[in-house]
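# Report on the structure
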There are 2 protein chains.
Amino acid sequence: MRRDVFQAIADPTRRDIIGLIAKKPMTPNGVAESFGVSRQAISKHIQILLECGLLGINPQGRERYYTVQPKKLAEVADWIDPFRKMWEGRFEKLDDIINTLKNEQNGSEK
Amino acid sequence: MRRDVFQAIADPTRRDIIGLIAKKPMTPNGVAESFGVSRQAISKHIQILLECGLLGINPQGRERYYTVQPKKLAEVADWIDPFRKMWEGRFEKLDDIINTLKNEQNGSEK
DNA sequence: TATATGTGCAATCAATCGATTGCACAATGA
DNA sequence: TCATTGTGCAATCGATTGATTGCACATATA
């Protein structure tokens, strides 16, 4: 079963769950009340987010408060970062990869 | 058919394709040679990346050179940004974070 | 012209996904 | 104790995904 952060945040419901829990740690029932799906469906989404490290648990009695582990999103941010430099036009600090890209693009024009 | 950037980059092969084409615009055959799957499979990945705006086309004769449109990844970076502030411990703009999350939640309701 | 090459599209298939229902079990409270 | 509540887990189902094969068509090349 593939459980990486990229796949986890691909689902819009899971992104909403992350956004919700980021504001305030919540229980599965609390989260489910904010969505139009069953508690079990939310529970499965939470399970996926747990398995890839995007959420943490804080049990209180029979309730389980889930919290967001935002640091885990750095994996995505790190992958995007070189491309950010491309679209922001900050070419002064580019590594060889991006320099190669620029040269090849100019060279491939007729 | 859902065609958003988050779903597009969820597949590791597609992320590899983006990384490859970012170095140098490539044809489908060129890309396929770098992977262990068929040309048609690569072609379908490219189609998905095209449909969500992550790639552009530059036809040269019967060859089609695909280029990366990095700006499209800003959609993902923008979603991550409030969380980046969380994991980097910059809480001075917490109100902005909360507001951003609120807006995102409202805007993504089905 | 005829042949080879580069590419896209349709059909197909196994695997996975997102959701539901039903049940089990521990913690709470009468 | 016994009923209620909060939660997790298993079975199931329809839709989607990622891959393959086969074919069509335009472009290049002999």
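Presented here is a report on the structure given in the accompanying data block. In this text, all values refer to a predicted model and were calculated from it rather than measured experimentally.

## Looking at the interface of chain B and chain A
- Across the boundary between the two partners, chain B contributes 37 residues, which contact 35 residues of chain A.
- Of the roughly 3200 Å² buried where chain B meets chain A, counting both sides, 72% is carbon and sulfur surface.
- Remark: the boundary between chain B and chain A carries 0 salt bridges.
- Among the secondary structure elements, those contributing two or more residues to the side of chain B that touches chain A are helix H1 (5-8), helix H2 (12-23), strand E2 (63-68), helix H5 (74-87) and helix H6 (94-107) of chain B.
- For the side of chain B that touches chain A, the element with the highest residue contribution is H5(B), accounting for 10 residues.
- Here the side of chain B that touches chain A is built from residues that sort into 21 nonpolar, 6 polar and 10 charged.

## Section: the relation of the copies chain B and chain A
- When chain B is fitted onto chain A, the two copies agree to an RMSD of 0.1 Å after a turn of 179° and an axial shift of 0.0 Å. Accordingly, the operation relating the two chain copies is best matched by a two-fold axis. Minimal C-alpha separation from the rotation axis in chain B is found for B:Ala10, amounting to 3.0 Å.

The rules behind these values
- Starting afresh in each chain, residues are numbered from 1 along the sequence in its written order.
- Working convention: letters from A go to chains and numbers from 1 go to ligands, in the order in which they are written.
- Residues qualify for local features only when their pLDDT is at least 70, as the model is predicted, and side-chain atom pairs are given and counted only at 80 or more; totals for whole chains, interfaces and linings, by contrast, use all residues.
- Derived side-chain values reflect all non-hydrogen atoms in the structure, with water molecules and hydrogen atoms excluded from consideration.
- Throughout, a residue-residue contact means that at least one pair of heavy atoms, one from each residue, lies within 4.5 Å.
- Here the buried area means the combined drop in accessible surface, using a 1.4 Å probe, for two parts upon being joined, counting both sides.
- Whenever a carboxyl oxygen of Asp or Glu lies within 4 Å of a side-chain nitrogen of Lys or Arg, that contact is scored as a salt bridge.
- Going along the chain from the N terminus, every DSSP run of H or I of four or more residues is numbered as a helix, and every run of E of two or more is numbered as a strand.
- Residue classes follow a fixed rule: Ala, Val, Leu, Ile, Met, Phe, Trp, Tyr, Cys and Pro count as nonpolar, while Asp, Glu, Lys and Arg count as charged, and any other residue, Gly among them, counts as polar.
- Alignment of copies: least-squares fit on C-alpha atoms of residues with pLDDT of at least 70 in both copies.

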